[in-house]
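One letter stands for each residue in the lines below.
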Amino acid sequence: MTAGSRKVTANSTVYQLYPRSYRDANGDGIGDIAGMTRRMDHIANLGVDALLVAPLFPSPNADFGYDVTDYCDISPTYGSLMDFDEMVQVAHARGLGVVVDMVPCHTSIEHPWFRDHPEWYIWSDVDGPANNWVACFGGKAWSRDEQSGKWYLHSYYPEQPDLNWRNPEVVEAMTDVFSFWHKRGVDGFRLDAVSRLVKDAGLRDNPPLTNPFPLWENALQAMWDQRRYHLDQPDTFPALARLKEELDGTYLIAEAYLPNRDLAPYLEHVDAAFTFELLQSSPCPHRLARILKESASLQGLAWTLANHDFGWITGRWGHEMARLAALLVLTLPGGAYLYQGEEIGMTNAPPPRTSQDRAGRDPFRHPLQWTRDGGFSSVEPWIPYHDPVACNVEDQDKDPGSLLSFYRALLTLRPALAGPLDEITVDESCLSYRRGAHRICLNFGDSPVSLPPHHEVILTTGDATIRTTLGPHSGAILAL
Ligand code: GLC
Ligand code: CA
């Protein structure tokens, strides 16, 4: 394999691995790097191009790794830098690229920078919040630092003070961090919360909301934010351009929590951006068609239906839609990101008795179900299993009719789907679109629909003998 063949691009398919819940190799109930390395074949056999690894850095875990105390090390919970290097090697040997989730917007409040370089953070110059901004998980975006008595900005939990990207020393320090991992051989970076990287220089109040923001958010935020000054600032883009240059053009994907239409300026500087509108859509063919039509002109969208913040698509659309969801996400142009467990139809669990995440995301983070008795760890996992008897890798691996086999078939076929997204139509409950010489049809309704004229049925979600009709909740790829 050449280095070129493992390069991650805007069109790659990527497995989003949540290390804490992928596989526990040392028997402490928490997933680790050795677990990832030893179970790399599962990802390679699926047929994706790369894996995205959620943060492995040392962290007090107020936000499970998204509050970092050292960007150039690995948390002992997950292993060591040596374990990481071995994991990357094993991934590369299987032809998989490795994308690292980087958290440039904020550190942990326990990061030494917060005490050693307070000027690298954003402070109020009054005794109280500098403005009316609210934090993403609720409450005010300002907290008082007990030690200095001053108020600092945090877009997320109070344990995650925001870095000031208007300070050139911050830009330099974070660029060094990216370079550290780049030199270690990783193939790209996810830019966590990047729409909040740079804030208004004057820290002005956000005006009250007049146009509803089209994505989900907490109620307090929905009331106040006109989305003006606390995020999506024009100065973000030169910062991204510089980063891209410093990293020799390595793959960057933006996690910018914005509607698709606002992703265009990000896509001028990075390779790809996640699409939250698709992830948050209902299984309504008209709504989906509108999202696809509005996005057709954007190059570099990374389609995804699930992640560690919003859970699995079966939790929102129901199990009967699992194959349709797979067919949708893997037949659109651009990139596609699958969340671990999606390939076997894992679903959101009830909240565990002992809560881990204060923002209520435990139901989306229980362990990957390897076998009927769980198979994630030799001891009790950090979040209990959900339904491993009904849904596990081992059973589906052997079954040619399983969802896992369907994902593999789709991923094998995907490179043949060249051509732009075209002729997006809805006929009754059936969403359909063309990709070059193929047409994809997805019936979201409870009644059968007729298939449009075609030459051959290449792949279906169910009955392989269908020729003229699609059953309820079924889809097909047609050769035209
Ligand atoms: C991103 C991550 C989320 C985290 C937040 C703050 O949205 O996906 O898990 O809590 O950023 O870093
Ligand atoms: Ca472990």
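Scroll up to find the structure this text is about.
Residues numbered from 1 in each chain as written. Chains lettered and ligands numbered in written order. Predicted model: local features only at pLDDT ≥ 70, side-chain atom pairs only at ≥ 80, totals over all residues. Heavy atoms only, no water.

**Section: the pattern of salt bridges**
Here is the rule we go by: We count a salt bridge whenever a side-chain nitrogen from Lys or Arg sits within 4 Å of a carboxyl oxygen from Asp or Glu.
Evaluation of the coordinates by the stated rule reveals 24 salt bridges. Here Asp 262 makes a salt bridge to Arg 261, at a shortest N to O gap of 3.8 Å. Through salt bridges with shared partners, one network takes in Asp 63, Asp 309, Asp 357, Arg 361 and Arg 365.

**Digging into the site of ligand 1**
For clarity, the cut-off: Here a residue is near a molecule or strand as soon as one of its heavy atoms is found within 4 Å of it. Any N or O atom pair separated by 3.5 Å or less is treated as a polar contact, with the protein-specific requirement of one donor-capable and one acceptor-capable atom, and with residues adjacent in sequence counted only for side-chain atom pairs. Computed with the Shrake-Rupley method and a 1.4 Å probe, the accessible areas treat only the protein chains shown as cover for residues. The definitions used throughout rest on a 1 Å grid laid over the protein atoms alone, on which a cavity is an enclosed set of points accommodating a 1.4 Å probe that cannot get out and a pocket is an open set flanked by protein within 12 Å on both sides along at least five of seven lines; lining residues are those having an atom within 4 Å of a point. Molecules are considered to sit inside a cavity or pocket once more than half of their atoms lie within 2 Å of its grid points. We call Asp, Glu, Lys and Arg charged. Ala, Val, Leu, Ile, Met, Phe, Trp, Tyr, Cys and Pro are nonpolar, and the rest, Gly among them, are polar.
Neighbouring ligand 1 are 13 residues, the closest being Asp 63, Asp 192, Glu 255, His 308 and Asp 309. Measuring from an oxygen atom of ligand 1, one finds a side-chain N or O atom of Asp 63 at 2.5 Å. Within the contact set of ligand 1, an oxygen atom lies 2.9 Å away from a side-chain nitrogen or oxygen of Arg 190. For ligand 1, whose accessible area on its own is 310 Å², the fraction buried by protein is 96%. Spatially, ligand 1 is embedded in the largest pocket. Class assignment for the residues of the shell around ligand 1 results in three nonpolar, three polar and seven charged.

**Things to note about the packing of aromatic side chains**
Note the following rule: Stacked, tilted and edge-to-face are the three classes applied to pairs of Phe, Tyr and Trp rings, where Trp contributes its six-membered ring and a pair requires centres within 6.5 Å; stacked means planes under 30 degrees apart, edge-to-face means over 60, and tilted covers the rest. In this text, helices come from DSSP runs of H or I with a minimum length of four residues, and strands from runs of E with a minimum of two, each type numbered from the N-terminal end. Remark: exposure states derive from per-residue accessible area (1.4 Å probe, protein chains only) relative to the maximum for the residue type, with buried under 20%, exposed over 50%, and partly exposed in between.
Under the counting rule described, the total for this entry stands at 25 aromatic pairs. For the ring pair Phe 237 and Tyr 266, a centre distance of 4.8 Å and an interplane angle of 85 degrees mean the geometry is edge-to-face. Taken together, the positions of Phe 237 in helix 7 (residues 236-246) and Tyr 266 in helix 8 (residues 264-267) put the pair 29 residues apart, joining distant regions of the chain. By relative accessible area, which is 0% here, Tyr 266 ends up buried. Taking 6.0 Å as the distance between ring centres and 10 degrees as the angle between the ring planes, the aromatic pair formed by Tyr 257 and Phe 310 counts as stacked. Of the two residues, Tyr 257 sits in the loop between strand 7 (251-254) and helix 8 while Phe 310 sits in the loop between strand 9 (301-304) and helix 11 (313-317), which places them 53 residues apart along the sequence. Summarising the burial analysis for this pair, Tyr 257 and Phe 310 share the class buried.

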